[in-house]
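Understanding the architecture of this molecule
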Amino acid sequence: MPTPTYTPLATVTLASSASSVTLSNIPASYRDLILIHNGALTNTDNIVWRANGDTGSNYSIVQALATSGGASSNSSASRTSGLAGSSYTQQSANITQWLDYSATDKHKTSLGRANSPTSEVGMSASRWANTAAINSLTLLGAFASGNTFSLYGVIA
Amino acid sequence: MTLSALGIFSAAGAGGVVADTSYELIESVILGSSQASITFSSLGTYSSSYKHLQIRASAKSTSFDNMFMRLNGDTGSNYAYHRLIGNGSAVSSLASSSQTSMVCGVHDSESAGNVIDLLDVYSTTKNKTVRSIYGIASTTIRFNSGLWLSTASLTSILLLPTGALTFSSGSRFSLYGIKG
């Protein structure tokens, strides 16, 4: 029997600028998480994520970017955060999906799509080398007032 | 507010956690042991319910390589695909036609993330197109489009690892329907 899903879990709209947003008490009753971020940053930088408050060097990423100057790709390991998109001082939209975030038998993978229409478009994969279920996500960036963060849960 | 799968906001119960009924879980497979392939069958059952389908998969195998898709059991040379690839040092692209299956994702010894959209799958006037984003951190991130040269309405989806590899225990494949 098909079951409705794609359930809204939380939405945050910033009333003032902030350097981080934490979505906590994420229930383990879903399988995937989808985060939609929309807004501008007060400076140009990546938006990054941390799970369960882990600030250790337990993250790795790969990304590909296209700008008016061409396409490029880079990767790094032993980072202290994963990627949740890029943002500029213009409006940007980023969608990040964590697959199997509640599973306890595997590291956690996220897939990201970054869209900064006047600057770049990108895609990324990140991994948190930990088998714990994700119960909180912290987004780090120079977020301007009015940025929105919407988190959804998808069952499996 | 509830966000539908098509990205349109619609009213929902005040303060409640309400799933929009335009996006539904049809079936999920979580492997308890290795398996050569994954089949979602009897999908014609849903022709009046959904317009598009989505597969969300964490695909494990003994090594990194491509995951392939066949539709309705067609093993003919009726598939084509394009890929945009970021490998951590450069971006490249690849195209192939007249294939007996289409690339739709990847698998790896660590779970590889795959989100695969199958569009207008029950149309009897269109060839079937598939788009996907998939990757594994530190290794690759890819954006892909696939084509099945058939106007037949969808009845089944077959997912295959590369060559003689199998999908490992812990792999997860979930199929969702999107109304339209």
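Quick notes on the rules
- Residues numbered from 1 in each chain as written.
- Chains lettered and ligands numbered in written order.
- Predicted model: local features only at pLDDT ≥ 70, side-chain atom pairs only at ≥ 80, totals over all residues.
- Helix = DSSP H or I, 4+ residues; strand = E, 2+ residues; numbered from the N terminus.
- Rg over C-alpha atoms; globule rule 2.2 N^0.38 Å.
- Buried ≥ 20, exposed ≤ 12 C-beta atoms within 10 Å, placed from the backbone.
- Contact = placed C-beta atoms within 7 Å.
- Nonpolar A, V, L, I, M, F, W, Y, C, P; charged D, E, K, R; others polar.
- Pairing = 2+ DSSP bridges.
- Core = buried A, V, L, I, M, F, W, Y, C linked by C-beta atoms within 7 Å.
- Axes fitted to C-alpha atoms, helices over the stretch in contact; angles between N-to-C directions.
- pLDDT = per-residue confidence, 0-100.

**Brief notes about the overall build of chain A**
- Along its length, chain A carries zero helices and 13 strands.
- In chain A, the succession of helices and strands from N to C terminus is β-β-β-β-β-β-β-β-β-β-β-β-β.
- Rg of the C-alpha trace for chain A: 15 Å, near the compact-globule value of 15 Å for 156 residues, within the 12% margin.
- Summarising its shape, the C-alpha atoms of chain A cover approximately 45 × 35 × 35 Å along the three principal directions.
- Expressed as a percentage of its 156 residues, the buried residues of chain A come to 49%.

**Details of the interface of chain A and chain B**
- Contact with chain A, which involves 41 residues of that partner, is made by 38 residues of chain B.
- The set of elements that each furnish at least two residues to the side of chain A that touches chain B consists of β1 (3-4), β2 (7-13), β6 (59-67), β7 (70-79), β9 (92-99), β10 (108-116), β11 (120-128) and β13 (148-154) of chain A.
- A breakdown of the residues in the side of chain A that touches chain B according to their chemical character gives 18 nonpolar, 16 polar and seven charged.
- Alignment of β1 of chain A against strand β3 (residues 23-30) of chain B, held across two bridges, turns out to be antiparallel. Bridged to P4 of chain A within β3 of chain B is E24 of chain B.

**A short note on the nonpolar core**
- Of all hydrophobic cores here, the largest spans 79 residues; its most connected members are L33 of chain A together with M69, M102 and C104 of chain B.
- Not counting the four nearest positions on each side in its chain, L33 of chain A is found in contact with W98, Y101, L151, Y152 and G153 of chain A.

**Side note on the sheet that holds strand β14 (residues 172-178) of chain B**
- The nine strands are arranged β1(A)-β3(B)-β14(B)-β5(B)-β10(B)-β11(B)-β12(B)-β7(B)-β8(B) in an open sheet whose pairing can be described as antiparallel. Each having just a single partner strand, β1 of chain A together with β8 (91-99) of chain B make up the two edges of the open sheet.
- Here strand β5 (residues 52-59) of chain B pairs with β14 of chain B via seven bridges, running antiparallel. Bridge assignment links L53 of chain B to a residue of β14 of chain B, and that residue is G177 of chain B.

**Details of the sheet that holds strand β8 (residues 82-87) of chain A**
All names here are of chain A.
- With antiparallel pairing, the four strands of this open sheet are ordered in space as β3-β12-β5-β8. Both outer strands of the open sheet, β3 (18-23) and β8, are each paired with one neighbouring strand and no more. Neighbouring strand axes in the sheet, compared pairwise and without regard to direction, differ in orientation by 25° on average.
- Of the strand pairs in this sheet, strand β5 (residues 45-51) and strand β12 (residues 137-143) are connected by four bridges, and their pairing is antiparallel. Across the sheet, the residue bridging to W49 is L139, located in β12.

**A look at the environment of S61 of chain B**
Residue and element names in this part refer to chain B.
- With respect to the helices and strands, the residue S61 is situated in the loop between β5 and β6 (65-71).
- Residues S61 and S111, spaced 50 residues apart in sequence, show a C-alpha to C-alpha distance of 8.1 Å.
- Apart from residues lying up to four places away in sequence, S61 is in contact with H107, D108, S109, P161, L165, T166, F167 and S168.

**Let's talk about the environment of S86 of chain A**
Residues and elements named next belong to chain A.
- Structurally, the position occupied by S86 is in strand β8.
- Its 24 C-beta neighbours within 10 Å are what place S86 among the buried residues.
- Considering only alpha carbons, one finds S86 and V48, 38 residues apart in sequence, at a separation of 8.5 Å.
- Every residue in contact with S86, bar those within four places of it in the chain, is listed here: N46, I47, S92, A114, S116, E120 and G122.

**Comments concerning the confidence of the model for chain B**
Residue and element names in this part refer to chain B.
- Chain-level statistics for chain B give a pLDDT mean of 90 and a share of 89% at 70 or above.
- Here residues 1-18 is a poorly scored stretch, pLDDT under 50, and it has 27 contacts once near neighbours within four places are set aside; other chains count.
- The ipTM value of the predicted complex is 0.95, and its pTM value is 0.92.

**As for unusual backbone geometry**
Residues and elements named next belong to chain A.
- At Y6, a residue that is not glycine, the phi angle is positive and equals roughly 70°.
- With respect to the helices and strands, the residue Y6 is situated in the loop between β1 and β2.
- Even without a glycine there, the phi angle at N25 is positive, about 55°.
- Tracing the chain through its elements places N25 in the loop between β3 and β4 (32-39).

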